[in-house]
Amino acid sequence: MRLALYTDTFAPQMNGVTRTLGRLVAAVRERGGDASVFTTSDPRAGVDDRVGRWPSIRCPKYPELRVALPNPTRAMNELLAFRPTLVHAATPFALGASARSAARSLGIPLVTSYHTSFSDYARFYGVGYLERPIWSALRAFHNAGRRTFCPTEVVRRELAAHGFERLSVWGRGVDRAHFTPSRRTRDMRHRMGAGDGSIVVAYVGRIAPEKGIDHLLEAMTRLAAHDSTIVLVLAGDGPYLDHCRAIAPPNCRFLGRMEGLELAAFYASADTFVFPSSTDTFGNVLLEAMASGLPILAADTPASREVLGGAGAYYEGDSATALAASLTELAYNHARRAHAGATSLARSADFDWSRVFDALFDEYDRAADATSAVSLVHRRLGGTRGSPIARSR
C-alpha cells in the first residue's frame, strides 16, 4: 500500500483530526506500507520530505486554520512522483478537490473521510444560510470516491439521509498505556489551582464558539456565586480564547495548549471531565478522558452517546442551567464519581487502535481493488501495485 493523504490540517496543528491522521500515517508505515502527506503550509512546521506543503493563507473566520488554492496540476505531479495505490482526501476544500481531480485523471482509486460538521459550524460563524449549498457541495465531493469514511454510525446515518453513498465507519482508538489514571500528580493539581478540597472539572479541546464554551463558562459563573469548591481548568487554544478569558469567572483557569505526557497528566489529575460540544462528529478527547479513568459529563447528543454509551452522564445541550446542575450533582456525589470513573476506564478498552486499523485497511484493500487493472499512473511509469497492508493480528 502506497497512500497519498491530502488534508488541510496536519501536525504541528493540534486538533482531533490531526492526531487521527498522524495515527493513520504511522499505522500504514508500521504495517509495511508507505504514506505521503500533502497539506497546507505552516510557519511552525519543520522539514519532512514525506510531507508536501502547499502555499496557503489563514482562514479569515478561523486564523488557526489555513486554506490553499486549487491546483490539480500540482496534485497530478505529486501523484506521478509518489505513485500511490490509493488516494485519501480528508478535506473537501482545495487540497481535496485537487487530489480528486488528479486521481480521476490518473485512474488511481480515491477514498474520502468526513471529519467536521460544516453545516453545524456555519451557524456559529454567521453563515447559517449556506447550510443547504454546503450539504450539496459535500455530497458531490464525497460521492466521487469509492468510500466515504465516517467516525460513527450516527454520522453514517446522517450522511446517508443527505444522499451520500458508499459509506463506511472508521472508528477511533486510544493509547491506554499513555492515557492512564497513574499519571495523576500533585504538581499538576497545583498548576490547576486546586486546593485540598477542590473538585477539578477538566476541559480539553479547541477554544472555539462551536465547542459550547459559552454555556460552560455561564454554568461556571452560576456556580461561582455560591460555590468555590468546583473549579474548571481548560487545556487548549483557539480563536475564542481571548473572549473566553475576558468573560470567565474566578473559578476558571486556562492552561493553554498541552500535548504528550503533560496532557496525560492533566487528564489524570482532574476529578471529572466535561464535553459541552453539540457539533463534534466524534470527540477524541472523550476516549482520552475515559482511559484516564474520569467520570464524564457530556452534552446529550447521539454522537456522544454512541462513543460513551453507559459510561457517560448527560445534560441537555446548550443549557447553562442544566450543565450547572449536572456538574454540582456529579461533583458532590463521590460514590457516583468513583463508579463512573471505573466505568469509563473499562469502556476505554473497547477502543483499540489495532482493531480500528485492521478494519480500515480491509476497506482500503477493497477500495483499491487489487484485482483490477493497474492504474494509469503505474502504466505510465512502469510501476507495480503494492501488496495490501500487512495485518497486525
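I will try to describe carefully the structure that is included in this document. Please read these numbers as outputs of a predicted model, since none were measured by experiment.

**Topic: the packing of helix H1 (residues 16-30) against helix H15 (residues 353-368)**
Here H1 crosses H15 at 75°, and the two axes come no closer than 11 Å. With respect to their mutual orientation, H1 and H15 come out roughly perpendicular. Contacts between H1 and H15 pair Arg23, Leu24, Ala27 and Val28 from the former with Trp353, Phe357, Leu360, Phe361 and Tyr364 from the latter. Classifying every residue of the contact of H1 with H15 gives eight nonpolar, no polar and one charged.

**Some points on the sheet that holds strand S3 (residues 51-54)**
Strand order in the open sheet formed by seven strands is S3-S2-S1-S6-S7-S8-S9, and the pairing between neighbours is parallel. Both outer strands of the open sheet, S3 and strand S9 (167-169), are each paired with one neighbouring strand and no more. Each strand of the sheet is rotated relative to its neighbour by a mean of 25°, with strand direction disregarded. Judged from the five bridges that link them, strand S1 (residues 2-6) and strand S2 (residues 34-40) form a sheet pairing that is parallel. Its bridge partner being in S2, Tyr6 is matched across the sheet by Phe38. Strand contacts of helix H2 (residues 72-82): S1, S2, S3 and strand S6 (86-89), with the helix running at about 160° to S1, the strand carrying the most contacts.

**Examining the pattern of salt bridges**
Summed over all chains, the structure comprises 21 salt bridges. The salt bridge partner of Asp271 is Arg189, with a shortest N-O separation of 2.8 Å. With a gap of 82 residues between them, Asp271 in the loop between helix H10 (260-268) and strand S13 (272-275) and Arg189 in helix H7 (residues 186-191) connect regions that are remote in the sequence. The pair formed by Asp271 and Arg189 is uniform in burial state, with each residue classed as buried. When salt bridges with common partners are traced through the structure, they connect Arg147, Glu363 and Arg366 into a single cluster.

**Details of the nonpolar core**
Membership of the largest hydrophobic core comes to 35 residues, with the highest contact counts inside it found for Val204, Phe266, Tyr267, Phe273 and Met290. One finds Ile213, Ile230, Ala299 and Tyr315 within the second-largest nonpolar core, a separate group that totals 30 residues.

**Description of unusual backbone geometry**
Of note, the amide linkage connecting Ala11 to Pro12 takes the cis form, showing an omega dihedral of 15°. Note on placement: Pro12 falls in the loop between S1 and H1. Unlike most non-glycine residues, Arg83 shows phi in positive territory, near 55°. As for its position among the elements, Arg83 is in the loop between H2 and S6. Residue Arg83 is classed as partly exposed on the basis of its relative accessible area, which comes to 32%. Positive phi outside glycine occurs at Arg166, with the angle close to 50°. Here Arg166 shows up in the loop between helix H6 (153-161) and S9.

**Things to note about the environment of Ser105**
For Ser105, the position within the fold is in helix H3 (residues 94-106). Of the residues examined, Ser105 reaches a relative accessible area of 41% and is grouped as partly exposed. Residues Ser105 and Ala68, 37 residues apart in the sequence, show an inter-C-alpha distance of 21 Å.

**Things to note about the packing of aromatic side chains**
For the structure shown, the criterion picks out ten aromatic pairs. Here a set of aromatic residues connected by ring pairs shows up, and it is made of Phe149, Trp170, Trp353, Phe357, Phe361 and Tyr364. In this structure, Arg172 packs its charged tip against the face of Trp170, placed 4.5 Å from the ring centre. Stacked on the ring of Tyr314, the Lys or Arg Arg305 has its end atom at 4.0 Å from the ring centre.

**Things to note about the environment of Pro70**
Mapped onto the elements of the fold, Pro70 is located in the loop between strand S5 (62-68) and H2. In the structure, Pro70 is positioned 76 residues away from Arg146 in sequence and 22 Å away in space, judged by C-alpha atoms. Setting aside anything within four residues of it in sequence, one finds Pro70 in contact with Ala94 and Ser98.

How each quantity is defined
- Residues numbered from 1 in each chain as written.
- Predicted model: local features only at pLDDT ≥ 70, side-chain atom pairs only at ≥ 80, totals over all residues.
- Heavy atoms only, no water.
- Axes fitted to C-alpha atoms, helices over the stretch in contact; angles between N-to-C directions.
- Helix = DSSP H or I, 4+ residues; strand = E, 2+ residues; numbered from the N terminus.
- Parallel < 35°, antiparallel > 145°, perpendicular 65-115°, else oblique.
- Contact = heavy atoms within 4.5 Å.
- Nonpolar A, V, L, I, M, F, W, Y, C, P; charged D, E, K, R; others polar.
- Pairing = 2+ DSSP bridges.
- Salt bridge = Lys/Arg side-chain N within 4 Å of Asp/Glu carboxyl O.
- Buried < 20%, exposed > 50% of the residue type's maximum accessible area, 1.4 Å probe, protein only.
- Core = buried A, V, L, I, M, F, W, Y, C linked by side-chain atoms within 4.5 Å.
- Phe/Tyr/Trp six-rings, centres within 6.5 Å; stacked < 30°, edge-to-face > 60°.
- Lys NZ or Arg CZ within 6 Å of the ring centre and 35° of its normal.

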